[in-house]
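So the chains spell out like this:
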Protein chains: 2
Amino acid sequence: MHILVTGAAGMIGRKLTARLVRDGQLNGQKIDRLTLIDVVAPDKPGGFTGFLELSASDLSNPGAAAKAVAGKPDVIFHLAGVVSGEAETDFEKGYRVNLDGTRGLLEAIRVADYKPKVVFTSSIAVFGAPFPSSIPDDFHLTPLTSYGTQKAISELLLADYTRRGFLDGVGIRLPTICVRPGKPNKAASGFFSGIIREPLAGQEALLPVAETVRHTHASPRAAIGFLLHAASLTRQQLGGRVNLSMPGVSCTVGEQIEALRRVAGDKVAARIRRVPDELVQRIVSGWAERLDARRARDLGFQAEDSFDDIIRAHIEDELDGKVAN
Amino acid sequence: MHILVTGAAGMIGRKLTARLVRDGQLNGQKIDRLTLIDVVAPDKPGGFTGFLELSASDLSNPGAAAKAVAGKPDVIFHLAGVVSGEAETDFEKGYRVNLDGTRGLLEAIRVADYKPKVVFTSSIAVFGAPFPSSIPDDFHLTPLTSYGTQKAISELLLADYTRRGFLDGVGIRLPTICVRPGKPNKAASGFFSGIIREPLAGQEALLPVAETVRHTHASPRAAIGFLLHAASLTRQQLGGRVNLSMPGVSCTVGEQIEALRRVAGDKVAARIRRVPDELVQRIVSGWAERLDARRARDLGFQAEDSFDDIIRAHIEDELDGKVAN
């Protein structure tokens, strides 16, 4: 099996690649070829013995997408994209990367005339306030950011290309991935991870929004599980609606901080400093608070049961079980 | 006031232009300039004394959209598009005209750096089965045709460009416009008009679907009313959700035929011949049967009350009150 990962140098891309290499197979088929692309060349994953291609490529550039699918990968994980904050501050870049890049990939597949499985990471940012108390799977697409708009458009394209038989698509709307390891990125949602990650590492974290802000989270570990599970679903299981809201833990920022206190103690939780940021507050205020995600749960997608579990997953996966006290 | 109409040579475009010329004003402002564009040059409207530009232009061609908005029209009625049947049979043309053309227009406005009112004709084809018994305004966008996908994407773009302050957009989801005058077009919905228009003109009409098919209709006269009313709405009235399902008359094909019998008699209604068409049946089966359209009604949009009224509007507006018996 030949697998292509776009956005392979990103956090999810690296974790997915590592997992694919460790598993050695996908859907019961041996992985003998990996193509990893990103705007910067992805690192070579350790331990892979099959045929490996690493490429620095921007899918929105002419010809780049055609080159990416020239080897006719059986499964494509399309993770590449500009994050929410950057898509809001750089209008043209957001549309170029998130819309033209995705459309370019789908078009390249159509023109190559074969039918790969395409797993696309969408976002709950496709939904926009005002919301019901829990957002059903059939809720209107009314994004309130350019990022959410680009993801919603990509979902529509994925569904139409699937319906027309050009590819076999599945779009998974990720909740905020938390706790993101490493450095902060430009996502407006970055603080949700920062207020956990930094204190656990002995550093101060800034909180730009009120503690009453409610949001839905899943760990990076859960996100990788979503991606692999999405790749295993058949067209029959998915039916006509190929874009799905993923499950997650819905909690307030205050509840996140309480969970941190329970898991790591008062001293760690005291490392959060309140510094309101208007742009972040405005962006976040339009985001989904709670999703039903019934279809995804019925199809076997699994997230954590509590935010405590999300923090523990971070301590296990990123900190070797150690917290800076 | 300067008004631009795209798709001005089409049925709705011609009727809208005639109405604008007759009214001489829009929103209380004198219309002193009209720009009419279409892929074929629109006819010169009779009786207009202001500055008139007629242009044969395809908005998806490079530079065409910039040229179209070079005169900075205050109000743009963006009607141009490929119809549903053609977008389904010619995938590339549908995306080029309906997506790239619309995006090109919005981008040209953004780059021209002014803020016109943009009234966009979307379609109830943005919705796809399975449906609830009446589709609420916040129902999921799950189009089941490429045409519906292109309209849904255009709606999302219109909303984002409006939110960003590049223009002042309103998208109106037209139900099927019935009775369309003139020759049949390539829309899969064409028979809804054909089974009324042809018999009233003394000709046989083909019915490609079952009489149980339910659908929502509004007359061309109502559609022009929607367009003008949409142009009068303020940003405050519209709020964040700028795309609206229009009201209409929901009835079955059987009820259409009964209305024809009531309005024009048995002899006219007997001119319908049943000839099932699989492609049309498949496309139509995914379409909305009934829409709530509460927001639009609350905002003052008005459609007919019965299909009888729709037939009578056709006889008055197109047949000088005369039916071929």
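Bear in mind the structure is a predicted one, so any value in this text is a computation, not a measurement.

Q: Would you take a moment to explain the overall build of chain A for this structure?
A: Along the backbone of chain A there are 13 helices and 14 strands. For 325 residues, the compact-globule estimate of 2.2 N^0.38 gives 20 Å, and the C-alpha radius of gyration of chain A, at 19 Å, lies within 12% of that figure. Overall size of chain A, expressed as C-alpha extent along the three principal axes, is 55 × 45 × 40 Å. Counting every position in chain A, which comprises 325 residues, the buried fraction comes to 52%. A sequence separation of at least 24 residues applies to 77% of the contacts in chain A between residues at least 6 apart.

Q: Sorry if this is basic, but what is going on with the pairing of strand S11 (residues 214-218) of chain A here?
A: Residues and elements named next belong to chain A. Taken across its 5 residues, S11 has 4 buried, putting it largely inside the fold. The sheet contact formed by strand S9 (residues 176-177) and S11 spans 2 bridges and is parallel. Pairing of Thr176 across the sheet is with His217, part of S11. Looking at chain direction, S11 and strand S13 (residues 249-252) are connected through 4 bridges and run antiparallel. Each residue of the ladder has a partner; that of His217, found in S13, is Val249.

Q: Before we go on, may I ask you to explain the relation of the copies chain A and chain B in this structure?
A: Superposing the two chain copies requires a rotation about an axis and a translation along that axis. Rotating chain A by 180° and translating it 0.0 Å along the rotation axis places it on chain B, where the RMSD comes to 0.0 Å. The superposition of one copy onto the other is thereby described by a two-fold rotation axis. By C-alpha distance to the rotation axis, the residue of chain A lying nearest is His140(A), at 2.0 Å. A share of 100% of the interface residues of chain A reappears at the interface of chain B, consistent with the copies meeting face to face through the same patch.

Q: In this structure, what is going on with the sheet that holds strand S4 (residues 33-38) of chain B? I would like to understand it.
A: Hydrogen bonds between backbone atoms are what pair the strands of a sheet, whose relative direction is either parallel or antiparallel. Residues and elements named next belong to chain B. Here we have 7 strands laid out as an open sheet, ordered S5-S4-S1-S6-S7-S8-S12, and parallel in their pairing. One side of each edge strand has no neighbouring strand; the edge strands of this open sheet are strand S5 (51-56) and strand S12 (243-245). Taken pair by pair, the neighbouring strands of this sheet meet at an average axis angle of 15°, ignoring direction.

Q: Help me understand the domain arrangement of chain A, please; the structure alone is not making it clear to me.
A: Residues and elements named next belong to chain A. The domain boundaries assigned to chain A delineate domain 1 (2-174 + 220-245) and domain 2 (190-216 + 249-293 + 304-318). Between the C-alpha centres of domain 1 and domain 2 the distance comes to 26 Å. Counting residues at the interface gives 18 residues for domain 1, matched by 14 residues for domain 2. Contributions of two or more residues to the side of domain 1 that touches domain 2 are made by helix H3 (84-89) and helix H7 (220-232).

Q: Can you walk me through unusual backbone geometry in this structure?
A: The phi angle of most residues is negative, glycine excepted, and most peptide bonds adopt the trans form. All names here are of chain A. In this chain, Cys178 is followed by Val179 through a cis amide linkage whose omega measures 10°. Note on placement: Val179 falls in the loop between S9 and helix H6 (190-200). Although it is not a glycine, Asp320 adopts a positive phi angle of roughly 50°. Structurally, Asp320 is set in the segment after helix H13 (307-318).

Q: Explanation requested: helix H1 (residues 11-23) of chain A in the structure shown.
A: Helical periodicity: at 3.6 residues per turn, an α-helix aligns residues three or four positions apart in one direction. For H1(A), which comprises 13 residues, the first-to-last C-alpha distance of 18 Å matches the rise-based estimate of 18 Å (1.5 Å per residue) to within 8%. Within H1(A) the residues assigned to the buried category are Ile12(A), Gly13(A), Arg14(A), Leu16(A), Thr17(A) and Leu20(A).

Q: Explanation requested: the packing of H1(A) against H7(A) in the structure shown.
A: For any two helices packed against each other, the geometry comes down to the angle between their axes and how far apart the axes lie. Residues and elements named next belong to chain A. It is the contact of H1 with H7, at a shortest axis distance of 10 Å, that shows an interaxial angle of 65°. The chirality of how H1 crosses H7 is right-handed. Across from Met11, Ile12, Lys15, Leu16 and Arg19 in H1, the residues of H7 making contact are Pro220, Ala223, Ile224 and Leu227. Tallied by class, the residues present in the contact of H1 with H7 amount to 7 nonpolar, no polar and 2 charged.

Q: Can you walk me through the confidence of the model for chain A in this structure?
A: Low-pLDDT stretches of the model should not have their predicted coordinates read in fine detail. For chain A, mean pLDDT is 95; residues scoring 70 or higher make up 100% of the total. Interface confidence for the predicted complex, given as ipTM, is 0.93, next to a pTM of 0.94.

Q: What am I meant to see in the interface of chain A and chain B here?
A: Accessible area lost on assembly of the parts is the figure often given for the size of an interface. Taken together, the contact between chain A and chain B spans 17 residues of the former and 17 residues of the latter. In terms of residues, the side of chain A that touches chain B owes the most to one element, helix H5 (residues 146-163) of chain A, which gives 7 residues. Looking at the side of chain A that touches chain B residue by residue, the classes come out as 7 nonpolar, 5 polar and 5 charged.

Q: Can you walk me through H6(A) in this structure?
A: All names here are of chain A. Among the 11 residues that make up H6, 11 are buried, leaving the element largely enclosed by the rest of the structure. All of the buried residues along H6 are Gly190, Phe191, Phe192, Ser193, Gly194, Ile195, Ile196, Arg197, Glu198, Pro199 and Leu200. Remark: Gly202 follows H6 within two positions and exhibits a positive phi of approximately 85°.

Conventions and cut-offs
- Residues numbered from 1 in each chain as written.
- Chains lettered and ligands numbered in written order.
- Predicted model: local features only at pLDDT ≥ 70, side-chain atom pairs only at ≥ 80, totals over all residues.
- Helix = DSSP H or I, 4+ residues; strand = E, 2+ residues; numbered from the N terminus.
- Rg over C-alpha atoms; globule rule 2.2 N^0.38 Å.
- Buried ≥ 20, exposed ≤ 12 C-beta atoms within 10 Å, placed from the backbone.
- Contact = placed C-beta atoms within 7 Å.
- Pairing = 2+ DSSP bridges.
- Least-squares fit on C-alpha atoms with pLDDT ≥ 70 in both.
- Axes fitted to C-alpha atoms, helices over the stretch in contact; angles between N-to-C directions.
- Domains from an automatic or database assignment.
- Expected span 1.5 Å × (residues − 1).
- Left-handed = near helix turned anticlockwise from the far one by under 90°.
- Nonpolar A, V, L, I, M, F, W, Y, C, P; charged D, E, K, R; others polar.
- pLDDT = per-residue confidence, 0-100.

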